[in-house]
Amino acid sequence: MFYVIQGEDAPDSLAQRLAARPAHLARLTELQQDGRLLLAGPFPAIDSNDPGPAGFSGSLIVAEFPSLQEAQSWAGADPYVAAGVYARVSVKPFKKVLPA
């Protein structure tokens, strides 16, 4: 089943985000190589693809996991969590309907 993982950035965490980004992307690349990643990306804090110093307000990941518990465990081990980038993380089951 797919799960939505949504991280909400802590205030003033852009420096930590940039430092942890390579490790964060490496984990996402593993999901992609396993054919389990539907989509992933950050939420710019302003209406721009490159928000510069405004940074980001969080991230969204939609990926396939065997169970909610495994999705939560994976999300909890994210480098952004360890670096203090995310103030909160939610994980919810997701049913993909479209595109078919």
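Residues numbered from 1 in each chain as written. Predicted model: local features only at pLDDT ≥ 70, side-chain atom pairs only at ≥ 80, totals over all residues. Heavy atoms only, no water.

Undergrad: Could you give an account of the pairing of strand β1 (residues 2-9), with specific residues and numbers?
TA: Sheet analysis places β1 next to strand β3 (residues 56-64), joined by seven bridges and oriented antiparallel. By the bridge assignment, F2 is partnered in β3 with E64. For β1 and strand β4 (residues 86-94), the ladder comprises eight bridges, and the chain directions are antiparallel. Paired with E8 across the two strands is R88, which belongs to β4. (Pairing = 2+ DSSP bridges. Helix = DSSP H or I, 4+ residues; strand = E, 2+ residues; numbered from the N terminus.)

Undergrad: I'd like a description of the pattern of salt bridges, backed by residues and values.
TA: Where charged atoms from two side chains of opposite charge approach closely, those side chains can pair. For the coordinates displayed, the defined rule picks out four salt bridges. Ionic pairing is found between R88 and E8, a salt bridge with its closest N-O pair at 2.7 Å. Of the two residues, R88 is situated in strand β4 and E8 in strand β1; the sequence distance between them amounts to 80 residues. Overall, the relative accessible area of 37% leaves E8 in the partly exposed class. (Salt bridge = Lys/Arg side-chain N within 4 Å of Asp/Glu carboxyl O. Buried < 20%, exposed > 50% of the residue type's maximum accessible area, 1.4 Å probe, protein only.)

Undergrad: Quick rundown of the nonpolar core? Include the residues and the values.
TA: With 11 residues, the main nonpolar core is built from Y3, I5, L28, L31, I61, A63, F65, A71, W74, A75 and V91. Counting only elements with at least two residues in this core, the list comes to β1, α1 (14-33), β3 and α2 (68-76). At three residues, α2 tops the list of elements feeding residues into this core. Leave out the neighbours within four places in its chain, and L28 touches L37, A40, I61 and W74. (Core = buried A, V, L, I, M, F, W, Y, C linked by side-chain atoms within 4.5 Å. Contact = heavy atoms within 4.5 Å.)

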